[in-house]
Amino acid sequence: MTSYEKLLSKNKDWADQQTKDDPEFFSRLASIQKPEFLWIGCSDSRVPADKITGTQPGEIFVHRNIANMVVHTDVNLLSVLDYAVNHLKVNHVIVCGHYGCGGVKASMTNHDFKYVLNMWLRHIKDVHTIHREELAAIDDEEKKFDRLVELNVKEQVMHLAKTSIIQRAWKNDNRPQLHGWVYGLKDGIINPVFEMEAGTQLDPLFEYDDL
Ligand SMILES: [Zn+2]
């Protein structure tokens, strides 16, 4: 059996087991999706949203990209956000980064990763620039790396708050709450590092006054 055939075979086992455990499982999920959470995570294969949070299919709406970035011109991310907030009406948006993130690490080097990757990593370098003083004061390279991972998550949560999608939902519906979390590859524990309640005051430059 090839590696991908193994996936298909494992899928059959899983579907059988689910049906055995809960005969209504698939018919229930097929008719409705009502997740309470939107998860914006890293594409890293070691950070699966449902496994590390003990959630089931149907509970988390997921978007993943390299280093869990919220880029304000990313139509993919914004479409997911719009759909999750305005149609699924999620109450919580979680940006979950992880210590040891290869994307963040790459952004700390001066290596040319060529074309598209350079472009993507630039967004993390921008975060680095904002917090240059704090990061420069950390001598230990590992600690500096960990801190940049945390600061990156915080900045991405703030990027969410700067969108009209979030600001309109805050104004009209007093939701969603925004969360910045960092997952530890070494111990499997999620460290909550930042939070924004609905209606949090932002830098006025980014606040829409005619929503
Ligand atoms: Zn990562």
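A brief look at the structure comes next.

1. Looking at the overall build of the protein chain
Broken down by element type, the protein chain carries nine helices and five strands. Secondary structure elements of the protein chain occur, N-terminal to C-terminal, as α-α-β-α-β-α-β-α-α-α-α-α-β-β. Principal-axis analysis of the C-alpha atoms gives the protein chain an extent of 55 × 50 × 30 Å. Taking the intrachain contacts of the protein chain between residues at least 6 apart in sequence as the baseline, contacts between residues at least 24 apart amount to 64%. Accessible surface, the protein chain as shown: approximately 12600 Å² in total, 54% of it carbon and sulfur. Side-chain charges of the protein chain comprise 24 positive and 31 negative groups, with the mean position of each set lying 4 Å from the other.

2. Points about the nonpolar core
As a rule of thumb, nonpolar side chains are buried together in soluble globular proteins. Counting 42 residues, the largest nonpolar core has Leu38, Leu160 and Leu178 as its most contacted members. Those elements that place two or more of their residues in this core are β1 (37-42), α4 (75-86), β3 (92-98), α5 (102-107), α6 (115-130), α8 (141-161), α9 (164-173) and β4 (177-183). Looking at this core, the element that brings in the most residues is α8, giving eight residues. Once residues lying within four places of it in the same chain are set aside, the contact partners of leucine 160 are Ile40, Val70, Leu81, Val93, Val95, Ile166 and Leu178.

3. Concerning the sheet that holds β1
With mixed pairing, the five strands of this open sheet are ordered in space as β2-β1-β3-β4-β5. At either margin of the open sheet sits one strand with a lone partner, and together these are β2 (60-65) and β5 (190-196). Sheet twist, expressed as the mean angle between neighbouring strand axes with direction ignored, is 20°. Judged from the seven bridges that link them, β3 and β4 form a sheet pairing that is parallel.

4. A short note on the coordination of the zinc ion
Distances from the zinc ion to its protein donors, namely Cys42 (SG), His98 (NE2) and Cys101 (SG), fall within the range 2.1 to 2.3 Å. Coordination of the zinc ion draws on donor residues from a single chain, spaced C-x55-H-x2-C in sequence. Here cysteine 42, found in strand β1, pairs with histidine 98, found in strand β3; they are 56 residues apart in sequence, far enough to count as distant. Across the pair, histidine 98 and cysteine 42 agree in class, each one buried.

What counts as what
Residues numbered from 1 in each chain as written. Predicted model: local features only at pLDDT ≥ 70, side-chain atom pairs only at ≥ 80, totals over all residues. Heavy atoms only, no water. Helix = DSSP H or I, 4+ residues; strand = E, 2+ residues; numbered from the N terminus. Contact = heavy atoms within 4.5 Å. Areas by Shrake-Rupley, 256 points an atom, 1.4 Å probe, with all protein chains shown as cover. Lys, Arg positive; Asp, Glu negative; His and termini not counted. Charge placed at Lys NZ, Arg CZ, Asp CG, Glu CD. Core = buried A, V, L, I, M, F, W, Y, C linked by side-chain atoms within 4.5 Å. Buried < 20%, exposed > 50% of the residue type's maximum accessible area, 1.4 Å probe, protein only. Pairing = 2+ DSSP bridges. Axes fitted to C-alpha atoms, helices over the stretch in contact; angles between N-to-C directions. Donors = N, O, S within 2.8 Å, 3.2 Å for Na, K, Ca; no water.

All quantities given are derived from atomic positions and should not be read as evidence of function.
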